[in-house]
Amino acid sequence: MRVLVVEDEQLLADAVATGLRREAMAVDVVYDGAAALERIGVNDYDVVVLDRDLPLVHGDDVCRRVVELGMPTRVLMLTASGDVSDRVEGLEIGADDYLPKPFAFSELIARVRALGRRTSVPLPPVLERAGIKLDPNRREVFRDGKEVQLAPKEFAVLEVLMRSEGAVVSAEQLLEKAWDENTDPFTNVVRVTVMTLRRKLGEPPVIVTVPGSGYRI
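Predicted model, so just to flag it, every value in this text is computed and none were measured. (Residues numbered from 1 in each chain as written. Predicted model: local features only at pLDDT ≥ 70, side-chain atom pairs only at ≥ 80, totals over all residues. Heavy atoms only, no water.)

S.K.: Kindly report on the UniProt feature "modified residue: 4-aspartylphosphate" (unreviewed entry) in the protein chain, identifying the contributing residues and their values.
M.R.: As recorded in UniProt, the sites labelled "modified residue: 4-aspartylphosphate" (unreviewed entry) are Asp51. Looking at the secondary structure, you find Asp51 in strand β3 (residues 47-51). If we skip the residues at most four places from it in the chain, Asp51 touches Val6, Glu7, Asp8, Gly59, Leu78, Thr79 and Lys101. (UniProt positions renumbered as here; feature names shortened; annotations may be inferred. Helix = DSSP H or I, 4+ residues; strand = E, 2+ residues; numbered from the N terminus. Contact = heavy atoms within 4.5 Å.)

S.K.: How would you summarise the domain arrangement of the protein chain if you had to cite specific residues and measurements?
M.R.: On domain assignment, one finds that the protein chain holds domain 1 (2-119) and domain 2 (127-216). Distance from the C-alpha centre of domain 1 to the C-alpha centre of domain 2: 26 Å. Each partner contributes residues to the interface: domain 1 has 16 residues there, and domain 2 has 15 residues. Interface area for domain 1 against domain 2, summed over the two sides, is near 1,200 Å², with a carbon-plus-sulfur share of 36%. (Domains from an automatic or database assignment. Buried area = accessible area lost by both parts, 1.4 Å probe.)

S.K.: Lay out helix α1 (residues 10-22) in plain terms, naming residues and giving numbers.
M.R.: An ideal rise of 1.5 Å per residue puts 18 Å on 13 residues; α1 measures up with 18 Å between its terminal C-alpha atoms. For α1, the complete set of buried residues consists of Ala13, Val16, Ala17, Gly19 and Leu20. Projected onto a plane normal to the axis of α1, the buried residues spread over an arc of 165 degrees and lie on a single side. In α1, those exposed residues whose orientation departs by more than 90 degrees from the buried face are Leu11 and Arg22. In the core, the buried residues of α1 are packed alongside β1 (2-6), β2 (26-30) and α5 (105-117). (Expected span 1.5 Å × (residues − 1). Buried < 20%, exposed > 50% of the residue type's maximum accessible area, 1.4 Å probe, protein only. Arc of directions from axis to C-beta.)

S.K.: Can you lay out the packing of aromatic side chains for me, pointing to particular residues and giving the numbers?
M.R.: Inspection of the entire model under this criterion finds zero aromatic pairs. In this structure, Arg139 is placed above the aromatic ring of Phe155, and the distance from its NZ or CZ to the ring centre is 5.1 Å. (Phe/Tyr/Trp six-rings, centres within 6.5 Å; stacked < 30°, edge-to-face > 60°. Lys NZ or Arg CZ within 6 Å of the ring centre and 35° of its normal.)

S.K.: Let's hear about helix α2 (residues 33-42): which residues, and what values?
M.R.: What sets the pattern is the α-helix's 3.6 residues per turn: residues three or four places apart point alike. All buried positions along α2 are accounted for by Gly33, Ala35, Ala36 and Ile40. Taken down its axis, α2 places every buried residue within 155 degrees of arc, on the same side. Exposed and facing more than 90 degrees away from the buried side of α2 are Glu38, Gly41 and Val42. For α2, the side-chain oxygen to backbone nitrogen distance between the N-cap and Ala34 is 3.0 Å, and the N-cap itself is Asp32. (Polar contact = N/O pair within 3.5 Å; in protein donor to acceptor, adjacent residues only side chain to side chain.)

S.K.: Would you mind going over the pattern of salt bridges in detail, with residue names and values included?
M.R.: For the structure shown, the criterion picks out 16 salt bridges. Among the salt bridges present, the one from Lys101 reaches Asp51, with a minimum N-O distance of 3.2 Å. With Lys101 in the loop between β5 (97-100) and α5 and Asp51 in strand β3, this residue pair connects regions lying 50 residues apart in the sequence. Just as Lys101 is buried, Asp51 falls in that class too. Among the ionic pairs, Arg74 bridges to Asp96, the shortest N-O distance being 3.4 Å. Remark: Asp96 occurs in the loop between α4 (84-93) and β5 and Arg74 occurs in strand β4 (residues 74-79); sequence separation between them is 22 residues. For Arg74, a relative accessible area of 23% translates into the label partly exposed. You can call Asp96 partly exposed: its relative accessible area is 22%. (Salt bridge = Lys/Arg side-chain N within 4 Å of Asp/Glu carboxyl O.)

S.K.: Go over the side chain of Glu159, please, and point to the residues and values.
M.R.: Within the secondary structure, Glu159 is located in helix α6 (residues 152-163). Assessed through its relative accessible area of 6%, Glu159 is described here as buried. When sequence neighbours within four positions are dropped, the list of residues in contact with Glu159 reads Arg113, Leu127, Leu134 and Pro136.

S.K.: Tell me what's going on with the packing of α6 against helix α8 (residues 189-201), and back it up with residues and numbers.
M.R.: The contact between α6 and α8 brings their axes to 10 Å, and the two run at 85 degrees. When the axis of α6 is compared with that of α8, the two are roughly perpendicular. When α6 is examined against α8, the residues Lys153, Glu154, Val157 and Leu158 are found in contact with a partner set consisting of Thr193, Val194, Thr196, Leu197, Lys200 and Leu201. For the contact of α6 with α8, a count of residues per class yields five nonpolar, two polar and three charged. (Axes fitted to C-alpha atoms, helices over the stretch in contact; angles between N-to-C directions. Parallel < 35°, antiparallel > 145°, perpendicular 65-115°, else oblique. Nonpolar A, V, L, I, M, F, W, Y, C, P; charged D, E, K, R; others polar.)

S.K.: Break down the nonpolar core for me, citing the residues and quoting the values.
M.R.: With 27 residues, the main nonpolar core has Val141, Val157, Leu158, Leu161, Leu174, Leu201 and Ile207 as its most contacted residues. Of all the secondary-structure elements, those providing two or more residues to this core are β7 (132-135), α6, α7 (171-178) and α8. Per-element accounting of this core gives the leading share, seven residues, to α6. Discounting chain neighbours no more than four positions away, the residues touching Leu201 are Ile132, Val141, Arg143, Val148, Leu158, Val206 and Ile207. With 20 residues, the next largest nonpolar core counts Ala36, Tyr45, Ile93 and Tyr98 among its residues. (Core = buried A, V, L, I, M, F, W, Y, C linked by side-chain atoms within 4.5 Å.)

Shown next as structure tokens:
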């Protein structure tokens, strides 16, 4: 899942991004509304965690722009105000969910994951394919009943492949969904991660390389 965090309190923004990355999400961070509009125009995000009171361009206008573009991106709006009227206004603007500050980080993660599930074709909470069972919420992977310990990026790549339901996923698509914008697109990070993931999943191999196209399970 790819997430954009938009928050002008830099310490909070960076802390949220770090926590989401630990949950195997690819996260970009910006600190004002103008930068948010720029990123949204370039990258495809599953979820935008959006502070409402932003400099340069207000969070309400960023949210309206997402709606105007007809994007599948879901918006989780944050604000220091917990008034019911403010929550209602944010939802009427087009936000998909609303979380007042201060918030419990576990709740933020749960809400981001719930919104992420709504950006694509509905799938079961636990993904199963080729003897592999992946639970995104618990961050658990089992193969033939045996638990497999994966690093965050390995988990993210496997989740993208599982969600594709047998379709081929290109290296570029994996890079976009599992890594943030600071990753050099010319590195071999995808190939190395897939290679390590194959080894950890064991024999017989379940990740198939489609020459010139990408990977599938």
